[in-house]
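# Summary of the model geometry
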2 protein chains.
Amino acid sequence: MYRAPVEDIAFTLKHVAGLKPALDAGTFGDLGEDLVDAILAEAGRFASEEVAPLHKIGDEHGAVLKDASVTTPPGWKELYRRWIEGGWNALSGPEEFGGQGLPTMLGVAALEMWNSAAMAFGIGPTLTMGAVEALDKHASEGLKAKYLTKLVSGEWMGTMNLTEPQAGSDLAALRSRAEPVGDGSYRIFGQKIFITYGEHDFTDNIVHLVLARLPDAPAGTRGISLFLVPKFFVNDDGSLGARNDVFCSGLEHKLGIHASPTCTIIYGDGFQGATPGAIGWLIGEENKGLACMFTMMNNARLAVGMQGVAVAETATQKAIAYANERRQGKASDYSGPGMAPIVHHPDVQRNLLTMRALTQIARSISYCCAHALDRARLGEGEAAANWRDRANLLTPLAKAFSTDVGVEVASLGVQVHGGMGFIEETGAAALYRDARIAPIYEGTNGIQAIDLVARKLPLGGGEHVHSYIGELKAVADAVRTSNIDGFGRTADNLDRALADLDEATRFLQKLTADGKADAAMAGATPYLRLFSLAAGGAYLAQGGLADRNRIALCRFFAENLLGETRALKERVIDGAESLAAAGKALISA
Amino acid sequence: MYRAPVEDIAFTLKHVAGLKPALDAGTFGDLGEDLVDAILAEAGRFASEEVAPLHKIGDEHGAVLKDASVTTPPGWKELYRRWIEGGWNALSGPEEFGGQGLPTMLGVAALEMWNSAAMAFGIGPTLTMGAVEALDKHASEGLKAKYLTKLVSGEWMGTMNLTEPQAGSDLAALRSRAEPVGDGSYRIFGQKIFITYGEHDFTDNIVHLVLARLPDAPAGTRGISLFLVPKFFVNDDGSLGARNDVFCSGLEHKLGIHASPTCTIIYGDGFQGATPGAIGWLIGEENKGLACMFTMMNNARLAVGMQGVAVAETATQKAIAYANERRQGKASDYSGPGMAPIVHHPDVQRNLLTMRALTQIARSISYCCAHALDRARLGEGEAAANWRDRANLLTPLAKAFSTDVGVEVASLGVQVHGGMGFIEETGAAALYRDARIAPIYEGTNGIQAIDLVARKLPLGGGEHVHSYIGELKAVADAVRTSNIDGFGRTADNLDRALADLDEATRFLQKLTADGKADAAMAGATPYLRLFSLAAGGAYLAQGGLADRNRIALCRFFAENLLGETRALKERVIDGAESLAAAGKALISA
């Protein structure tokens, strides 16, 4: 059973991701370390004691659709009520609408814990928070007044409706349409798929954010507008009115996160005899819907990254516990009675340490991304712009690397359990199933890698990434000058990895400058991993410098896993030509 | 839907794994290329047209237990009947008992196809073949006469009963016991778990091979004997007699291969009012049961390796087909109407080529292992011993690398499918679930790696592995002297990888010689992967030398994936100390 690693989370926030200096400098006003610790401890308690026990029942029952209504698994609705009553939905929401306005860093740390306890639970509120953000930034005052307070508290939940059967990664192909009614509202028609928590029984109302095209809108992504479409209309006194013409026509039968209803949503089909057309209201400007969605999507990407960290953490805990309990064979350093717990076998230790190191790295990158978001939000002028660039740079790493790690670590977790890992009752397999969606949704990891290369490397005239790499190099230098034996070859190996990163970065920047987009795209995925490993190595080292107990894991990583950067760099630099040559054979005649 | 890659399989058998020269030299008597091709084509037809269509129903229904009887999914029993009527169970069985005595290479190639079509189907007969082998080598003439013909034809199926709750990887802890009755038979008592096809409705009788301890047997692995325990007794005229005191008390609820019943089997509990004690007969000598099981286990390891190859092949086919069909976005080399098929995107091509190359490598290693088994069986004297060493050396690679590849490729396959990959109906997720058991059963991949380092590197006084590496180096030389441009950096990169392999091998051999077992074990898993990648690179090159159409994939692998060997070598050589240091923290107080 998951126990929230509150100490580890607090340490990473404070000493790796920059929360401690920020608190000391008053960046977060009068927020102090005591309150931070208290919030993390209580979130950890709630996640461990209230959410985690419902994971298995959620996985086994799943969400059920009947007559366009979705029933969540036994106990889940009540769990959600307790969770919003605890104020958790409002943690980092805007204060103007009842939110607590706490740092994104804290919101992200809490999010990790909900997802570790049950990923199918954690994903729902993530979308509400995205809707809050989009409305807060782009909606009219009237819409805000009507919807935001209840979305911030969690009394209602929000959804994001982007995907259509023909429009997934490429939203230019989107077809849903919106016709102006004449009174400021629109009638929406279309079918959306893969809508997470598109219908459920957690809340009385659901607020759908829907991308659709206005009549005569330009083709492609420049002709897409964003609409708010409530499940039930809201009267001026805040009470619920009639049912809107929007309904759930199907649930997907998924590999994992069974408790999370993944819905097909039909807009404007004359549901229950209604006049066809789901009534909605424009958010932001006409044809600027994608821009309105964009901030929200970026933050949702970090949130999905947290799912990767979260599943990896749970899988690691579970595997370490099992390895301490299960006994097989003899081990040189075990002299107790009977067979040795398998945690004594070096090969098992390798798996467990790999799991722990990758989890810690993914967590560090993600928290640093959250820190940058906070600083960008609270800062001013050039400093804020710089932090905004940093958040933008780290977002694809946080999303793609963390979710790849989620799958990798969950798979190792099954392996450590041996035959028991393949048995569903053990729970290791459920993590392996749940983890697999995170590299796919909110922009596939391939798209994250392309985003990193094509849109993030050019930030700050191409210089931002190098100033970041410079900061990482300073950590390697600090390790060297610390003269602490326990670091072993950490400084040298980190230098080498950062040199690989530097070289690959300049290579890709030049390709892009030279207009060789295909060759750059060919190297994007290995580059993203190279970047994440090198940055992660520096973060582990920073942790080791702040706490000697963390040096051993840092060294294990530096001497066992960091060496992969060399091959990744070669793949970036030397791989594209052979890829293009061999790739042709894949294309059907 | 799976289409057996008959041409690819035939090419690999003939031109990479040595079947062509062996046929030409008459190694397999009058077996000719025409017959080989005909058998492969017909196996491919049966797998594609008859087995594959039943995969989904098998996954969805699973095997069902009621009143100690197991019902397999609709159509599966009839499929099995058609399959044995086609003679497929007898393909490489001993001719003396009705088998066709064809090469193991062919048996293994066919096995790949059954498993590609439905892994839950392929695993059943694998165990029967193991039982055939154990009986053929070790059983008395009486037992052979009574059981072998029907096991060879597949009219009855066999099982392997090793695992008990406390005895998995470490069979020394085994507790099942056997008491001599006095008439040459024994009464067996005990509980076995994870027994694949331990009970089912495919056949009228099931022949269990069971490990148990005789009274006063020595402790540990030297006190284990092997027994034949039939589900129904067999009368002297071959007809079935009374029911034995053995029954299935439970089925596991598994992540994948749902159609394969994984049974808890109870021996000697007085089932249906019987006098307690399942009656069995000794196979081989008393207390030598593990040795009897050993050959069988080694071949079962290769068979499980084929499951990795098989699932990887199916996942690759499925992903390539989807990538040619699914359209999203634009691509520079696509000028057709509408959006480009995603197979045109370089990042998607990278995934697909990685899948294809890894699958091809795992197949090559596994077929080469089968070839060595054939040569060892058919050869004489020193040559045969050398081939036996080769098979022993390659077995852990074939098992562990191939099954790791199965998981890796199935996961990439889900990724290529995007959101559809997470939906069960698409079928990509089922492969990801099925694949996950293969790195675990028949000796976990960690144990394979330890077997490679501890027991296989010392073969031939430590020289066998170096003569093998020498053969691989000759392939790199042949690539260089071929002067074919298309190979790009293949020769250089292969040289480097083989030098890494050489260095890591000598390092581990020295550690073992110096008695530093823990440090050697710490490097075992990365060493096995290093070995497999280097060998696989050479096999791809060999294929490229024989067929120019295969050069592009070879080059892609050499320039994109082979570079990993450097980091793996470092992990082997430099990784153990930090692993030991960090590993201590994993052990609970």
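How each quantity is defined
Residues numbered from 1 in each chain as written. Chains lettered and ligands numbered in written order. Predicted model: local features only at pLDDT ≥ 70, side-chain atom pairs only at ≥ 80, totals over all residues. Heavy atoms only, no water. Helix = DSSP H or I, 4+ residues; strand = E, 2+ residues; numbered from the N terminus. Rg over C-alpha atoms; globule rule 2.2 N^0.38 Å. Buried < 20%, exposed > 50% of the residue type's maximum accessible area, 1.4 Å probe, protein only. Contact = heavy atoms within 4.5 Å. Areas by Shrake-Rupley, 256 points an atom, 1.4 Å probe, with all protein chains shown as cover. Lys, Arg positive; Asp, Glu negative; His and termini not counted. Charge placed at Lys NZ, Arg CZ, Asp CG, Glu CD. UniProt positions renumbered as here; feature names shortened; annotations may be inferred. Salt bridge = Lys/Arg side-chain N within 4 Å of Asp/Glu carboxyl O. Phe/Tyr/Trp six-rings, centres within 6.5 Å; stacked < 30°, edge-to-face > 60°. Domains from an automatic or database assignment. Buried area = accessible area lost by both parts, 1.4 Å probe. Nonpolar A, V, L, I, M, F, W, Y, C, P; charged D, E, K, R; others polar. Least-squares fit on C-alpha atoms with pLDDT ≥ 70 in both. Axes fitted to C-alpha atoms, helices over the stretch in contact; angles between N-to-C directions. Parallel < 35°, antiparallel > 145°, perpendicular 65-115°, else oblique. Left-handed = near helix turned anticlockwise from the far one by under 90°. Core = buried A, V, L, I, M, F, W, Y, C linked by side-chain atoms within 4.5 Å. Pairing = 2+ DSSP bridges. Polar contact = N/O pair within 3.5 Å; in protein donor to acceptor, adjacent residues only side chain to side chain.

### Observations concerning the overall build of chain A
- Regarding its fold elements, chain A presents 20 helices and twelve strands.
- In terms of C-alpha radius of gyration, chain A reaches 24 Å, essentially the compact-globule figure of 25 Å for 589 residues.
- Principal axes of the C-alpha set define a box for chain A whose edges measure 75 × 60 × 60 Å.
- Counting across all 589 residues of chain A, residues that qualify as buried make up 64%.
- For chain A, the proportion of contacts with a sequence separation of at least 24, taken over those separated by at least 6, is 74%.
- Carbon together with sulfur atoms contributes 51% to the accessible area of chain A, which is approximately 20,000 Å² in total.
- Looking at charge distribution, chain A has the averaged site of its 55 positive side-chain charges lying 4 Å from that of its 69 negative ones.

### Overview of the UniProt feature "domain: Acyl-CoA dehydrogenase/oxidase N-terminal" (unreviewed entry) in chain A
- The feature "domain: Acyl-CoA dehydrogenase/oxidase N-terminal" (unreviewed entry), as annotated in UniProt, sits at residues 38-155 of chain A in this numbering.
- The distance from the first to the last C-alpha atom of residues 38-155 of chain A is 24 Å, and the span holds 66% helix and 5% strand.

### Topic: the pattern of salt bridges
- Applying the stated criterion across every chain, the model contains 86 salt bridges over all chains.
- The shortest N-O distance in the salt bridge between A:R45 and A:E50 comes to 3.2 Å.
- Among the residues examined, A:E50 registers a relative accessible area of 19% and is labelled buried.
- Residues B:R177 and B:E179 are paired through a salt bridge, measuring 2.5 Å at the closest nitrogen-oxygen approach.

### Description of the packing of aromatic side chains
- Across all of its chains, the model carries 31 aromatic pairs over all chains by this definition.
- When the centroid spacing of 4.4 Å and the interplanar angle of 10 degrees are considered together, the rings of A:F247 and A:F271 count as stacked. Residue A:F247 is located in strand β10 (residues 246-251), and its partner A:F271 is located in the loop between β11 (262-267) and β12 (278-283); the two are separated by 24 residues in the primary sequence.
- Taking 4.0 Å as the distance between ring centres and 5 degrees as the angle between the ring planes, the aromatic pair formed by A:Y432 and B:Y432 counts as stacked. Of the two residues, A:Y432 sits in helix α12 (residues 428-435) while B:Y432 sits in helix α12 (residues 428-435), which places them in two different chains.
- Judged by its relative accessible area of 1%, A:Y432 falls in the buried class.

### As for the domain arrangement of chain A
All names here are of chain A.
- For chain A, the assigned domains read domain 1 (6-153), domain 2 (157-287) and domain 3 (446-583).
- For domain 1 versus domain 2, the distance between C-alpha centres works out to 24 Å.
- Between domain 1 and domain 2, the residue contacts involve 34 residues of the former and 33 residues of the latter.
- Summed over both sides, the interface between domain 1 and domain 2 buries roughly 2,900 Å², with carbon and sulfur atoms accounting for 71% of that surface.
- Broken down residue by residue, the surface that domain 1 buries against domain 2 is led by V70, L127 and Y147, which jointly contribute 21%.
- Connecting domain 1 to domain 2 are one salt bridge.
- A salt bridge links K146 to D236, with the nearest nitrogen and oxygen atoms 3.4 Å apart.
- Of all the secondary-structure elements, those providing two or more residues to the side of domain 1 that touches domain 2 are α4 (55-61), β1 (64-66), β2 (69-71), α5 (76-85), α7 (119-138) and α8 (141-153).
- Of the residues contributing to the side of domain 1 that touches domain 2, the split by class is 21 nonpolar, eight polar and five charged.

### Quick look at the relation of the copies chain A and chain B
- For these two chains of identical sequence, chain A goes onto chain B by a turn of 180 degrees and a shift of 0.0 Å along the axis, with RMSD 0.0 Å. Taken together, the rotation and translation describe the operation of a two-fold axis. It is A:E564 whose C-alpha, among those of chain A, lies nearest the rotation axis, at 3.3 Å.
- Both copies contact each other with a shared surface, as 100% of the interface residues of chain A are interface residues in chain B too.

### Focus on the packing of helix α14 (residues 464-482) of chain A against helix α17 (residues 524-546) of chain A
Residues and elements named next belong to chain A.
- Look at α14 against α17: their axes get within 9 Å of each other, and the N-to-C directions meet at 40 degrees. Judged by the inter-axis angle, α14 sits oblique to α17. For the element pair α14 and α17, the recorded crossing hand is left-handed. Seen from α14, the contacting residues are V465, Y468, L472, V475, A478, V479 and S482; seen from α17, they are Y527, F531, A535, A538, Y539, A541, Q542 and L545.
- Here the contact of α14 with α17 is built from residues that sort into 13 nonpolar, two polar and no charged.

### With respect to the nonpolar core
- Core analysis: the largest hydrophobic core is formed by 341 residues, its most contacted members being A:W114, A:L352, A:Y527, A:F531, B:W114, B:L352 and B:Y527.
- Per element, the largest residue contribution to this core is 17 residues, and it comes from helix α9 (residues 289-325) of chain B.
- Every residue in contact with B:Y527, bar those within four places of it in the chain, is listed here: B:L452, B:V453, B:L457, B:V465, B:L501, B:A504, B:T505, B:L508 and B:V572.

### Regarding the environment of B:L561
- Tracing the backbone through its elements, the reader meets B:L561 in the loop between α18 (551-560) and α19 (564-574).
- When its relative accessible area of 8% is taken as the criterion, B:L561 is described as buried.
- C-alpha separation for the pair B:L561 and B:S169, spaced 392 residues apart in sequence, amounts to 32 Å.
- For B:L561, the residues in contact, after removing those within four places along its chain, are A:R571, B:T354, B:A357, B:L533 and B:F556.

### Thoughts on the pairing of strand β5 (residues 185-196) of chain B
Residues and elements named next belong to chain B.
- Strand direction decides the pairing type here: strand β4 (residues 177-180) and β5, joined by four bridges, are antiparallel. Within the sheet, the bridge partner assigned to A178 lies in β5 and is I188.
- In textbook terms, the turn of a hairpin is the stretch between consecutive antiparallel strands, and for β4 and β5 this stretch comprises four residues, one of which, G182, has a positive phi near 115 degrees.
- When β5 meets strand β12 (residues 278-283), the two strands line up antiparallel, connected through four bridges. Looking across to β12, one finds that Y186 is bridged to G280.

### Points about the interface of chain A and chain B
- Contacts between the two partners involve 88 residues from chain A and, on the opposite side, 88 residues from chain B.
- Summed over both partners, the interface of chain A with chain B buries about 7,500 Å², with 57% contributed by carbon and sulfur atoms.
- When residues of chain A are sorted by the area they lose upon contact with chain B, A:F422, A:Y432 and A:L586 head the list and together hold 11% of the total.
- Across the contact surface, chain A and chain B share six salt bridges.
- One salt bridge in this structure joins B:R489 and A:D574, with 3.8 Å as the shortest N-O distance.
- For the pair chain A and chain B, the number of links is 45 residue pairs in polar contact (both at pLDDT 80 or more).
- Broken down by element, the residue count for the side of chain A that touches chain B peaks at seven residues, all from helix α10 (residues 346-378) of chain A.

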